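Architecture at a glance
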Amino acid sequence: MPGMEEVRARIAQANEKMQVGITALQHTNLVYDEPQQAMVSTTESYAGRM
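Quantities reported herein were computed from a predicted structural model and do not represent experimental measurements.

This brings us to the overall build of the protein. Summing up its helical and strand segments, the protein has 1 helix and 0 strands in all. Since a compact globule built from 50 residues should have a radius of gyration of about 10 Å, the 22 Å found for the protein marks it as more spread out than a globular shape. Each of the three principal axes of the protein carries a C-alpha extent, and together these read 70 × 15 × 10 Å. When burial is assessed residue by residue, the protein has 0% of its 50 residues classed as buried. Just so you have it, the protein exposes about 4800 Å², and 61% of that area is on carbon and sulfur atoms.

Next comes the structure, spelled out in structure tokens:
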């Protein structure tokens, strides 16, 4: 059975990995936001011409 220090260390490691994952998701969101905005703008522009 792991001691308290080992449990704390594992929790800290899990928190660090979670933070890396969250940062990656935030970056992905930013990367996809720009093309999405361009697509919306283009679609609105095209719809306005009809």
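Attention now moves to helix α1 (residues 4–48). Over its 45 residues, α1 runs 64 Å from end to end, which matches the ideal 66 Å to within 8%, given 1.5 Å per residue. When the local axis directions of α1 are compared, the greatest deviation, roughly 25°, occurs at D33, which is followed within four positions by the proline P35.

As for its position among the elements, Q36 is in helix α1. With 28 residues separating them along the chain, Q36 and R8 place their C-alpha atoms 41 Å apart.

Its location among the elements puts Q13 in helix α1. A relative accessible area of 44% places Q13 in the partly exposed class. Between the alpha carbons of Q13 and T42 there is a distance of 44 Å; along the sequence they are 29 residues apart.

What counts as what
- Once a new chain begins, its residue numbering starts again from 1 and follows that chain's sequence as written.
- Whole-chain, interface and lining totals are the exception, using all residues; otherwise, since this is a predicted model, local features are given only for residues with pLDDT of at least 70 and side-chain atom pairs are given and counted only at 80 or more.
- Here the side-chain values reflect all heavy atoms present in the structure, with hydrogen atoms and water set aside.
- The numbering of helices and of strands both runs from the N terminus, where a helix is a DSSP run of H or I of at least 4 residues and a strand a run of E of at least 2.
- Note that the radius of gyration is over C-alpha atoms, with the globule rule given as 2.2 Å times the number of residues to the power 0.38.
- Three exposure classes are used, based on accessible area relative to the maximum for each residue type with a 1.4 Å probe and protein chains only: buried under 20%, partly exposed in between, and exposed over 50%.
- Under the convention used here, a 1.4 Å probe and the Shrake-Rupley method define accessible areas, while residue burial counts only the protein chains that appear.
- Under the convention used throughout, the expected extent of a helix is 1.5 Å for every residue step, that is, one less than its residue count.
- For a residue, the bend is simply the angle between two axes, fitted respectively to the seven-residue segment ending there and the seven-residue segment starting there.

These figures come from the coordinates and say nothing about function on their own.
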